[in-house]
Amino acid sequence: MPIESGNKDRETKGSLILLGEKCLASVLEKISDSRQEKRCRFILLFFTALFITFIIIPSYQFLAVKYKVGDIATSDIRATQDYFIEDRLLTEKKRSEAEAASPFVYNYNSAASLDLVRRLESTIAFIRRAVERDETAGDGFRQNVGHLLMQDVSGREVAALVRLVADQSLQMELGRISTALYQQKIVEDNKQFGDDRRHGLVVRDLETKRDIAAGDYSLYMDADEARTALLGKKLALSGSPGDVALLKGIVSRMVSPNLTFDREATEQLKHEARSATRPVLFQVKRGEMIVRVGERVTQEQATKLDSIFESRGIQRFFMGVGIFGLVLVLFYFPYRFALKNIRKFNPSTKDILLLTLMTIGNFIVLKIASVVSTAMGSLFPFIDTADYYYVFPFAASVIIVRIILNSEVALVYCAVCAPLLGIMFNSSLQVVIYALLSGIVGAHGVRQCKERSAIYVAGLKVSVVNIAMAVSFQFFSDSAFTVQTAYCVVFAGFGGIFNAVCVTGTIPLIEALFHYTTDIKLLELANLNSPVLRELMIRAPGTYHHSVVVGNLVEAGAEAINANPLLARVAAYYHDVGKISKPLYFIENVGGGENRHDKLSPNMSALILISHVKEGVELARESRLGQPLIDIIRQSHGTSLINFFYQKAKGLAATDLQAVDERDFRYPGPKPQTREAGLVLLADCVEAASRTLIDPTPARIQGMVQKIINNIFIDGQLDECELTLKNLHEIAKSFNGILAGIYHQRIDYPEPAYKEKASGGKKPIEDSDSESAKAPADRSEEVKKGGGEDLKRLGMS
């Protein structure tokens, strides 16, 4: 099948995926600039933390749902933490009692007698001056006297005062009876004061407003009794009894209480007593069910709900700020630590974007699952709502990260998400442990996902660990021998399989949108009937066979050094796909025909050979092989020298006296950056060199392998990958075994496979592998010696 038709078939898989790819490509293009990379990562961090904050925070902290007595609850509501809730009825009762027990405040005027005497003295002095000036007649004088006495007086009373002011003992007698009168407590109302006294009194000085020490308030009279008592007093005056009686009447009307009720101060004391009464609280424990969906809200439940929902706006704001800060800390500092201390933790911007979307999607799914499990509580009340948590796909996102990226990123991702999930699920430590362990076990189960069934095997491992944790949690909560334990075990067992199902359904979508090459994608690309490999087999059969043999070599080498055998093998299959465009310019595809390089200059020949790397990269992009394979195709030849044409160019240049630039005969690189790329480079050179062996005995194969690896090592092609000398030793041993199996010796048959006819037919066909070693002895010794020296140079024996 042609490559073009295969691409067209793949492009028609779905318009939604193509649209998603375009959107993702535009986003990645905007953030690809290295100068903006840090800024974009910070923006991703900030908005992801903000979004996660709104997801994990309890919804009722921002949605003030109000329930009245008799309303029907629309969802289960549990206490997410310990609450101390005020019992408003009891608190109001206690405050009313404290208010009622507050004492009454009375003001005591100790200068009441003095005030009365002073007004009388000023009035007497005024009358005496008027008498001297003979101005006592007329209404004006009467009104002036009434103004001084602060009461209305009649003409008879004024005349009596005029007659009595001549007595010099008048002022002394009035002072005497007023002082005697005010020695007792005079109140406004006897009955009211008696009730207030029995309740409790606080007496304050009217002037200083300070409390007066407790005294005897059992002797008191009201104002009417005081006036009556004053009328019964005797005055030693020289006036007529009628004038004295009129004077007593004037003075009695001037009598006022010296112990008065202070309403404002009393109310202030009641307010202070009410405020000093602490509210009556009762505790609601974390996890306590307050109201179930469908229940009619009672008075007690309404009180609890109102108290929980009544947090002020500023408190909700600070709670959100606290969670946001915690999310930022959990995102940033583990990331920085891993970036500085974990060698393989180096996510690209595309990886960060994937992790961002994975995190948001994971939390949204789990939040929805939490809401659904709450609704299930009303349908199946015999199953505790928390039991449904065991079936949630806590490990799915970690498994996906492990399959797409690597173990290091998956571990850090799991360590960051687990505490946040615990916060979202009512600050549950059990959820933190459950999410952390299930994620770690699931990621470990897919460390080498060579087939799709590996995901379900990992799901079974997660199920086993989930069941163990569920039983442990039940024992920890002292509810192991209940029916809830059975539900927990069943849900935990199904949870592992559910994680595997979620991963299986999500991986293809992520591969299509982000162009990641996972092990599952590699399994599809490893099919030798794939469009690219079929085209390679048809147009460049020699290159195809070479790639298959290289694939076998690198797979064995990768297994020997614990690299990724699947990635190495698939990369080997595709590392020379660029030769499809010009297959006849490569010796393995000529088959004994005309060598087209004979008509080309060495520089042009080298340019054609070098171009197959660029063309292979372009073909890999068109076929969507994925970035890991594209990188290995680019690195599969490193910066190695095309020695044959370089030497040929030097020979021609020697006759023409021209200089030859070695850089024109080297591949553009880069050098291999990974162990798998280094393996492909080594196997490519070793497989090509093995075809030149005249007598491929095990000793010659070993010498050739060591010499090729030594030359590549000396040329510095392995300087930038992670292959060690020990790795090279293991790789050489694996290559020797594979090549010895390919070029194995066979015994000579005693008779030919068929005899030629007398009339001239076919000659017996000799098996090329059965050709015995015919090299001279000295040649064999030379190869053995060279191989031993190469082994010593690489630190091998």
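Residues numbered from 1 in each chain as written. Predicted model: local features only at pLDDT ≥ 70, side-chain atom pairs only at ≥ 80, totals over all residues. Heavy atoms only, no water.

**So, the packing of helix α16 (residues 396-404) against helix α18 (residues 429-445)**
Relative orientation of the contacting elements α16 and α18 amounts to 30°, with a least axis distance of 8 Å. With respect to their mutual orientation, α16 and α18 come out roughly parallel. α16 and α18 meet at a crossing whose hand is right-handed. Contact residues: α16 offers Val-398, Ile-399 and Arg-402, while α18 offers Gly-439, Gly-442 and Ala-443. Split into classes, the residues belonging to the contact of α16 with α18 amount to three nonpolar, two polar and one charged. (Axes fitted to C-alpha atoms, helices over the stretch in contact; angles between N-to-C directions. Helix = DSSP H or I, 4+ residues; strand = E, 2+ residues; numbered from the N terminus. Parallel < 35°, antiparallel > 145°, perpendicular 65-115°, else oblique. Left-handed = near helix turned anticlockwise from the far one by under 90°. Contact = heavy atoms within 4.5 Å. Nonpolar A, V, L, I, M, F, W, Y, C, P; charged D, E, K, R; others polar.)

**Regarding the nonpolar core**
Core analysis: the largest hydrophobic core is formed by 75 residues, its most contacted members being Ile-52, Phe-363, Phe-392 and Phe-394. Secondary structure elements with two or more residues in this core: α3 (34-56), α14 (313-341), α15 (349-379), α16, α17 (407-424), α18, α19 (453-476) and α20 (483-514). Counting residues per element, this core draws most heavily on α17, which supplies 11 residues. Those residues in contact with Phe-392, other than ones at most four positions away along the chain, are Leu-366, Ala-369, Ser-370, Ser-373, Phe-425 and Asn-499. Grouped together as the second largest cluster of nonpolar side chains are 56 residues, Val-554, Ile-580, Leu-629 and Leu-718 included. (Core = buried A, V, L, I, M, F, W, Y, C linked by side-chain atoms within 4.5 Å. Buried < 20%, exposed > 50% of the residue type's maximum accessible area, 1.4 Å probe, protein only.)

**Remarks on the pattern of salt bridges**
Evaluation of the coordinates by the stated rule reveals 20 salt bridges. In this structure, the salt-bridge partner of Arg-142 is Asp-139, at a minimum N-O distance of 3.9 Å. On the criterion of helical spacing, the pair formed by Arg-142 and Asp-139 is a turn pair, its members being three residues apart in helix α6 (residues 139-149). Residue class for Asp-139 comes out exposed when judged on its relative accessible area of 52%. One salt-bridge network, in which partners are shared between bridges, spans Lys-191, Asp-195 and Arg-198. (Salt bridge = Lys/Arg side-chain N within 4 Å of Asp/Glu carboxyl O.)

**Some words on helix α8 (residues 170-181)**
With 12 residues, α8 ought to run about 16 Å at 1.5 Å a step, and its terminal C-alpha atoms sit 17 Å apart, in line with that. Contact partners of the buried residues in α8: α5 (112-133), α7 (155-164), β4 (185-187), α10 (223-231) and α11 (241-254). (Expected span 1.5 Å × (residues − 1).)

**Overview of the sheet that holds strand β5 (residues 201-205)**
Strand pairing within a sheet occurs via backbone hydrogen bonds; the two strands may be parallel or antiparallel. Across the sheet, which stays open at both edges, the three strands sit in the order β5-β3-β7 with mixed pairing between neighbours. Every interior strand has two partners, whereas the edge strands, β5 and β7 (259-261), have only one. Mean inter-strand twist for the sheet, computed between neighbouring axes without regard to direction, equals 35°. Across three bridges, strand β3 (residues 104-108) lies against β7 in antiparallel orientation. Bridging from a neighbouring strand, Asn-107 pairs with Thr-260 of β7. Helix α9 (residues 190-199) contacts β3, β5 and β7 of the sheet and is inclined by roughly 120° relative to β3. Contacts from helix α12 (residues 263-276) reach β3, β5 and β7, with the element oriented near 145° to β3. (Pairing = 2+ DSSP bridges.)

**Describing a nonpolar patch on the surface**
Taken together, the side chains of Phe-42, Ile-43, Phe-46, Phe-47, Leu-50 and Phe-54 make up a nonpolar region of the molecular surface, amounting to roughly 600 Å² of accessible area. You can see Ile-43 is positioned in helix α3. (Patch = residues over 30% accessible without salt bridge, like charges linked within 9 Å, V, L, I, M, F, W, Y side chains within 5 Å. Areas by Shrake-Rupley, 256 points an atom, 1.4 Å probe, with all protein chains shown as cover.)

**Some details on the packing of aromatic side chains**
Considering all chains together, one arrives at 24 aromatic pairs under this definition. Here the aromatic rings of Tyr-335 and Phe-345 are separated by 5.9 Å at their centres, their planes lie at 70°, and the arrangement is edge-to-face. In this pair, Tyr-335 is assigned in helix α14 and Phe-345 in the loop between α14 and α15, connecting sequence segments 10 residues apart. One exposure class covers both Tyr-335 and Phe-345, and it is buried. Residues Phe-380 and Phe-382 carry aromatic rings whose centres are separated by 6.0 Å and whose planes lie at 80° to one another, so their mutual orientation is edge-to-face. A relative accessible area of 33% places Phe-380 in the partly exposed class. (Phe/Tyr/Trp six-rings, centres within 6.5 Å; stacked < 30°, edge-to-face > 60°.)

As far as function goes, none of this settles anything; it's purely spatial.
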